[in-house]
Amino acid sequence: MMTTILIVDDEPDLEDLILQKFRRQIQGGAVSFIFARDGLEALQSIEQHPDVDLVVSDINMPRMDGLSLLAKLQEAEDRKSTIIVSAYGDMSNIRVAMNRGAFDFLTKPIDFADLETTIQKTIRHIEVLREARRRQIEAERAHASLSRYFSPELAKRLAAGSDAANGMAVHWREVATIFTDITSFTALVETAPPETLGELLNEYVGGMTDVVFAHEGTVAKVIGDAIQILFNAPGDQPDHATRAVACAHELDTWAQIFRERWKAKGIAFGATRIGVHTGPALVGNFGGSRFFDYTAYGDTINTAARLEAANKPLGTRICASAAIANAAECFLGRPVGDLVLRGRSEPLRAYEPLRPEEFAAPATNRYFEAFAKLEANDLGAMPAFAALVGMHSDDSLAGFHLRRLLNGGKGVRIEMG
């Protein structure tokens, strides 16, 4: 790469001497020179040639001296590396120049061999600065891209660390995953004004993402109103199942508050349905060399999506697999049944996660008793669920089981279609 050097000196013969002494470097394309007679002319030259890499300036010049020029150069955002030249006996000014940020100094009369050595040393310094700046820009770009998917602290670590590339490579990994979706969102899209819909969806996705990041989760996909979330990817999280359950609860709470806030504005925003599962998935950047798309694929991901959809007929808002219930620490929830999800032949035991106060409520114990009767094909299951619905009309899951029993359903195996 060619280095552009600005020589600032009012001596009339210096330009010819410089061009003569450095002719081979100039002809070889290693350096090019620009000349100015004083500090004011130097500033004009830099404005016309912003690619100037290095300034070699005398101190004593008309209109603007070298020390004043140095001060101006140090004030600029793009600080130019500067070599100060002065008479040997002018050491006090040279000391001032060094204190003001000059990279090096030379004494007059100029020793051109010394000048060449000093210029080469300064060029190496400039190259180090360029490389540091390049790395900083790359890190900033990487951080900006990663911040779309990862919590701020994780994005910072990935952007700065040498393990970032390894963490992004496609590989099989044990993950906990959450799928969220909004009921009746298509109808809302067709009826709400575009500006309202844009404000609503931006606020919703932003708020849900904040909740995910608070639990140090990864936002793998946002497709319209649907959000796919990962835990234990790309970084290790031994408690990923526990984090996923806690995150699901907080997402549910935030979404309910959000829904009520917009309801007060006259907008019928649907409930957020959440599916939670854990297992192996193919995780990594699937965007190739031109596009960053960190996400996950596999049966684990599909199952979480199916569990999210199962909430609709069940009447629940969160549906979690037995795998997540078994892996999470101190999981609290009530069994939904053995779901045969779309695309699967084997049933999967599912649960509705509960908060401690819900789990401790008397109605939850009565539900467990009713579910045990249902599982045993006990004829007492129907009146048990009927009593629950009678006392708690908002218990959609109990109502779901009662309707199944009234329609001739048996046991806890449920075809989700």
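Residues numbered from 1 in each chain as written. Predicted model: local features only at pLDDT ≥ 70, side-chain atom pairs only at ≥ 80, totals over all residues. Heavy atoms only, no water.

Here we look at the packing of helix 16 (residues 381–391) against helix 17 (residues 396–406)
Where helix 16 meets helix 17, the closest approach of the two axes is 9 Å, and the angle between their N-to-C directions is 140°. Overall, the two elements helix 16 and helix 17 adopt an arrangement that is oblique. Viewed along their axes, helix 16 and helix 17 form a crossing whose handedness is left-handed. Two secondary-structure elements touch here, helix 16 through A381, M382, F385, A386, L388 and V389 and helix 17 through A398, G399, H401, L402, L405 and L406. Taken together, the residues of the contact of helix 16 with helix 17 sort by class into ten nonpolar, two polar and no charged. (Axes fitted to C-alpha atoms, helices over the stretch in contact; angles between N-to-C directions. Helix = DSSP H or I, 4+ residues; strand = E, 2+ residues; numbered from the N terminus. Parallel < 35°, antiparallel > 145°, perpendicular 65-115°, else oblique. Left-handed = near helix turned anticlockwise from the far one by under 90°. Contact = heavy atoms within 4.5 Å. Nonpolar A, V, L, I, M, F, W, Y, C, P; charged D, E, K, R; others polar.)

Description of the confidence of the model for the protein chain
Averaged over all residues, the pLDDT of the protein chain is 87; the fraction at 70 or higher stands at 91%. Put simply, helix 8 (residues 164–168) is where the protein chain has its lowest mean pLDDT, 56, and strand 11 (residues 318–321) is where it has its highest, 98. Taken together, the stretch residues 162–166 has pLDDT below 50 and engages in one contact with residues farther than four places along the chain or on a different chain. (pLDDT = per-residue confidence, 0-100.)

Observations concerning the side chain of N311
One can find N311 in helix 12 (residues 299–314). Looking at N311, the relative accessible area reads 1%, which means it is buried. Among the polar contacts listed, one links the side chain of N311 to the backbone oxygen of L307, at a separation of 3.3 Å. Within the local environment of N311, its side chain forms a polar contact with the side chain of T316, the two groups lying 2.6 Å apart. Residues in contact with N311, not counting those within four places in the same chain, are R273, I274, G275, T316, R317, I318 and C319. (Buried < 20%, exposed > 50% of the residue type's maximum accessible area, 1.4 Å probe, protein only. Polar contact = N/O pair within 3.5 Å; in protein donor to acceptor, adjacent residues only side chain to side chain.)

Remarks on the pattern of salt bridges
Going through the model one piece at a time under the given rule, you end up with 18 salt bridges. R344 serves as the salt-bridge partner of D299, at 2.9 Å between the closest nitrogen and oxygen. A residue pair is termed long-range when its members are at least 10 positions apart, and D299 in helix 12 and R344 in the loop between strand 12 (333–340) and strand 13 (348–353) qualify at 45 residues. Here R344 falls in the partly exposed class, since its relative accessible area comes to 29%. Each of D9, E11, D58 and K108 takes part in one network of salt bridges that share partners. (Salt bridge = Lys/Arg side-chain N within 4 Å of Asp/Glu carboxyl O.)

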